[in-house]
Amino acid sequence: MSDERRVAGFKERTRVAAARERFLEAVVPVDRTETLPLVEADGRVLAEPVSAPRAVPHYPRAAMDGYAVRARDTFGADERAPATLEERPEVRPGGAVRVHTGSAIPEGADAVVPIEHVDATATGLDVREAVTEGEHVGAVGEDVIAGADLFDPGRRLNPADLGVLRAVGLEAVTVYERPRVEVVPTGDELVSEDPGRGQTVETNGLTVSRYVERWGAEATYRDVVGDDRAAIRAAIDRGVAADAVVTTGGSSVGERDLVPDVVAARGEVFAHGIALRPGHPAGVGAVDGTPVAMLPGYPVACIVNAVQFLRPATHRLGHLPPPDHPTTTARLTRKVASEPGVRTFVRVRLEGEGDEHRAAPVRTGGAGVLSSVTRADGWVVVPEPSEGLAAGSSVAVEDWEGRA
């Protein structure tokens, strides 16, 4: 990094969308696969199409507790003139067999009369409601037809999917391996235990690594690397064996902000200095074809950039669609300002209930105040062209933790 850059800072900043698009161009979805038992496949992404080896149900089954009958034997039956049938071990003309929900329908039967419409008498069974052929019977393949295409590659399996897969006779599926992400915290001031004067407990690496796991990847949370060019280079050289590398700290333009220089020397920096707040001293690039996200050291700025860049990259690596954020419409309780040309993320707390939500700003600044994130229910995004939002404005509060 030139001395001029260190003195001048970020004269030009890349817009979020442009930086993200360029970063994602460097992200190649993993092609490694593994076969897992169903009990371990929840949340995993299918790598192969899946079809049904057998039908569900694979036999005609009772959909109600009652009696299996020939529908024609109940023709015309009602409360005033019930049909009288005989309970037997098999279904023959004029006969009925007791069945329970899920029971196989006996040979000869084609319908089920619900138990509440049958009275047992001394002479037999009085059926007080006529049924039609197939009524209250689950046909073969009613749920799934044998040979049916169930799921395509790229589907993220959920518990209901696993139930269907087991029902059709499968016990294992082929899925993509989870992407591997190296998380490297940097900074001479960082410690893992009680801090002394001038020291700070390392939290960014912990936070980011846990988010990476939530987003479907496998995180390797490395020890702190000091502000030393050779040590940072060694950490990045080790990390590029993974599918992505993320560093925290050392991403600005100070004398100890060495990460962008190291990445530029070993590969390419696509953008350094992003037009967002909090967290413009961030960068994205690649080394040996492995994407590298360089996140700021301030905790809130680190989280904002992780969500904007690392989260979509992790999704792409894992064959998942771009992430979205559930939103809640609310009225802003007070004015918030924003620098034109900068995308601002305002932490807010939701107040009120029903359709009368209010969004109360927790902090508009304070990129180092991590507790402000824990007090917020989401954030409001002020777009680049705007100079801010007026009190009373209708806003969309993004719950960026609401979906993986």
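Everything below is about the structure shown above.
Residues numbered from 1 in each chain as written. Predicted model: local features only at pLDDT ≥ 70, side-chain atom pairs only at ≥ 80, totals over all residues. Heavy atoms only, no water.

(A) A look at the pairing of strand β20 (residues 283–287). Counting buried residues along β20, 5 of its 5 residues qualify, which places the element largely inside the surrounding structure. In this structure, strand β18 (residues 268–272) lies alongside β20, joined through 4 bridges in antiparallel fashion. What sits directly across from Glu268, in β20, is Ala286. Hairpin geometry of β20 and strand β21 (residues 290–295) is characterised by an intervening segment of 2 residues between the two adjacent antiparallel strands and by a positive phi of about 50 degrees at Asp288. (Buried < 20%, exposed > 50% of the residue type's maximum accessible area, 1.4 Å probe, protein only. Helix = DSSP H or I, 4+ residues; strand = E, 2+ residues; numbered from the N terminus. Pairing = 2+ DSSP bridges.)

(B) Representation of the packing of aromatic side chains in the model. This model, assessed by the stated rule, comprises 4 aromatic pairs. Between Phe345 and Trp379, the aromatic rings sit 5.3 Å apart at their centres with planes inclined by 70 degrees, giving edge-to-face as the arrangement. Of this pair, Phe345 sits in strand β24 (residues 343–351) while Trp379 sits in strand β26 (residues 378–382), placing them 34 residues apart in sequence. As far as burial versus exposure is concerned, Phe345 and Trp379 are alike and both buried. Each ring, one from Trp379 and one from Trp400, has its centre 4.8 Å from the other, and the planes form 15 degrees; the classification is stacked. Pair noted here: Trp379 is in strand β26 and Trp400 is in the segment after β28 (394–398), with a separation of 21 residues, a long-range link. Exposure class is identical for Trp379 and Trp400. Each is buried. Counting every residue linked through ring pairs, the aromatic cluster contains Tyr211, Trp215, Phe345, Trp379 and Trp400. Positioned over the ring face of Phe270 is Arg22, at 3.8 Å from the centre of the ring. In this structure, Arg98 is placed above the aromatic ring of Tyr67, and the distance from its NZ or CZ to the ring centre is 5.7 Å. (Phe/Tyr/Trp six-rings, centres within 6.5 Å; stacked < 30°, edge-to-face > 60°. Lys NZ or Arg CZ within 6 Å of the ring centre and 35° of its normal.)

(C) Expanded view of the nonpolar core. Ranked by internal contacts, the top residues of the largest apolar core, which has 39 residues, are Val208, Val246 and Ile274. Breaking this core down by element, the ones donating at least two residues are α2 (16–25), β13 (180–185), α4 (204–214), β17 (244–248), β18, β20, β21 and α7 (299–317). It is α7 that provides the largest number of residues to this core, a total of 10 residues. The contacts of Ile274, once residues within four sequence positions are left out, are Arg13, Thr14, Val16, Ala19, His280, Ala282 and Phe309. Membership of the second largest hydrophobic core comes to 16 residues, among which are Leu38, Val50, Phe151 and Val168. (Core = buried A, V, L, I, M, F, W, Y, C linked by side-chain atoms within 4.5 Å. Contact = heavy atoms within 4.5 Å.)

(D) Structural view of the sheet that holds β20. Spatially, the 6 strands line up as an open sheet ordered β16-β13-β17-β21-β20-β18, and their pairing is mixed. Among the strands making up the open sheet, the edge pair consists of β16 (218–221) and β18. The sheet shows a mean angle of 20 degrees between the axes of neighbouring strands, direction not considered. Alignment of β20 against β21, held across 5 bridges, turns out to be antiparallel. In the strand pairing of β21, Val287 is matched with Thr290. (Axes fitted to C-alpha atoms, helices over the stretch in contact; angles between N-to-C directions.)

(E) Representation of the packing of α2 against α7. Contact geometry for α2 and α7: axes closest at 10 Å, N-to-C directions at 35 degrees. Along this stretch, α2 crosses α7, giving a crossing that reads as right-handed. Where α2 abuts α7, its residues Val16, Ala19, Arg20, Phe23, Leu24 and Glu25 lie against Gln308, Phe309, Pro312, Ala313 and Arg316. (Left-handed = near helix turned anticlockwise from the far one by under 90°.)

(F) The arrangement of the pattern of salt bridges in detail. Following the criterion strictly, the structure yields 26 salt bridges and no others. Notably, a salt bridge pairs Arg13 with Glu339, separated by 2.9 Å at the nearest N-O pair. Of the two residues, Arg13 sits in the loop between α1 (3–8) and α2 while Glu339 sits in the loop between β23 (336–337) and β24, which places them 326 residues apart along the sequence. For Asp261, the salt bridge is made with Arg229, and the minimal N-O distance between the two is 3.8 Å. Taken together, the residues Asp261 in helix α6 (residues 259–266) and Arg229 in helix α5 (residues 229–239) connect sequence positions 32 residues apart. The class for Arg229 is partly exposed, based on a relative accessible area of 42%. (Salt bridge = Lys/Arg side-chain N within 4 Å of Asp/Glu carboxyl O.)

(G) Structural detail: α4. Considered for burial, the residues of α4 that qualify are Asn204, Gly205, Val208, Ser209, Tyr211 and Val212. Along the long axis of α4, the arc covered by the buried residues comes to 160 degrees, so they all point the same way. Those residues of α4 hidden inside the fold are in contact with β13, β16, β17, β21 and α7. Where α4 ends, the next residue or the one after it, Gly216, has phi of about 100 degrees, a positive value. (Arc of directions from axis to C-beta.)

(H) Geometry of unusual backbone geometry. The omega torsion across Val56 and Pro57 is -10 degrees, close enough to zero to call that bond cis. Here Pro57 lies in the loop between β2 (50–51) and β3 (61–62). Cis geometry marks the peptide bond from Arg277 to Pro278; its omega dihedral reads 0 degrees. Backbone geometry at Asp288 places phi at a positive 50 degrees, although glycine is not the residue there. Residue position: Asp288 is located in the loop between β20 and β21. One non-glycine residue, His319, lies in the positive phi region at around 65 degrees. Inspection of the secondary structure assignment puts His319 in the loop between α7 and β22 (327–332).

Keep in mind these numbers describe shape, not what the thing actually does.
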